[in-house]
Amino acid sequence: QVQLVESGGGLVQPGGSLSVACAASGSAFSIYNMGWYRQAPGKQRELVAVITAGGSTNYADSVKGRFTISRDNAKNTVYLQMNDLKPEDTAVYYCNARPYYGGVNLWGQGTQVTVSA
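Nothing here was measured: the structure is a model prediction, and the numbers come from that model.

Visitor: Help me understand the overall build of the protein, please; the structure alone is not making it clear to me.
Guide: Helix and strand counts for the protein come out as zero helices and eleven strands. Counted from the first residue to the last, the protein has its helices and strands arranged as β-β-β-β-β-β-β-β-β-β-β. Expected size for 117 residues packed as a compact globule is a radius of gyration near 13 Å; at 13 Å, the protein falls within 12% of this value. The principal-axis extents of the C-alpha atoms in the protein amount to approximately 40 × 25 × 25 Å. Accessible surface for the protein amounts to roughly 5900 Å². Of this, 48% is attributable to carbon and sulfur atoms. Treating the 9 positive side-chain charges of the protein as one cloud and the 7 negative ones as another, the clouds have centres 4 Å apart.

Visitor: Please clarify how the environment of Thr111 should be interpreted in this entry.
Guide: Within the element layout of this structure, Thr111 appears in strand 11 (residues 111–115). Classification of Thr111 by relative accessible area gives buried; the value is 10%. A sequence separation of 106 residues divides Thr111 from Val5, and the C-alpha atoms of the two residues are 9.0 Å apart. Dropping the residues within four chain positions of it, Thr111 is found in contact with Glu6, Ser7, Gly8, Gly9, Val20, Ala91, Val92 and Tyr93. Here the side chain of Thr111 touches Gly9 through a polar contact of 3.2 Å, landing on its backbone nitrogen.

Reading the values: rules and limits
Residues numbered from 1 in each chain as written. Predicted model: local features only at pLDDT ≥ 70, side-chain atom pairs only at ≥ 80, totals over all residues. Heavy atoms only, no water. Helix = DSSP H or I, 4+ residues; strand = E, 2+ residues; numbered from the N terminus. Rg over C-alpha atoms; globule rule 2.2 N^0.38 Å. Areas by Shrake-Rupley, 256 points an atom, 1.4 Å probe, with all protein chains shown as cover. Lys, Arg positive; Asp, Glu negative; His and termini not counted. Charge placed at Lys NZ, Arg CZ, Asp CG, Glu CD. Buried < 20%, exposed > 50% of the residue type's maximum accessible area, 1.4 Å probe, protein only. Contact = heavy atoms within 4.5 Å. Polar contact = N/O pair within 3.5 Å; in protein donor to acceptor, adjacent residues only side chain to side chain.

So, in structure tokens, the structure goes:
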């Protein structure tokens, strides 16, 4: 079973950029649809971006044009490049993995992203 570990969060000023990564242990990473979710204080967890096992991507309207999700199957890693960050992007960002055929839904422990002057 895949285990997920996020890294790369931190503090950035509005308008800045940050990249977070999610490294997956275990085998068969390429069969997983991978996603980034975020949860701000007092709010529900929401989908930010997803990349399928086949490489198709989808984004929340709030991040389209600013965020880019990508994956490197050789490194068992999925990335989220975040540009033009806004204070409302502040949240804990979670990595998610689910096999393309459905089934178990896996989560990382989360990484904090704070956008503040």
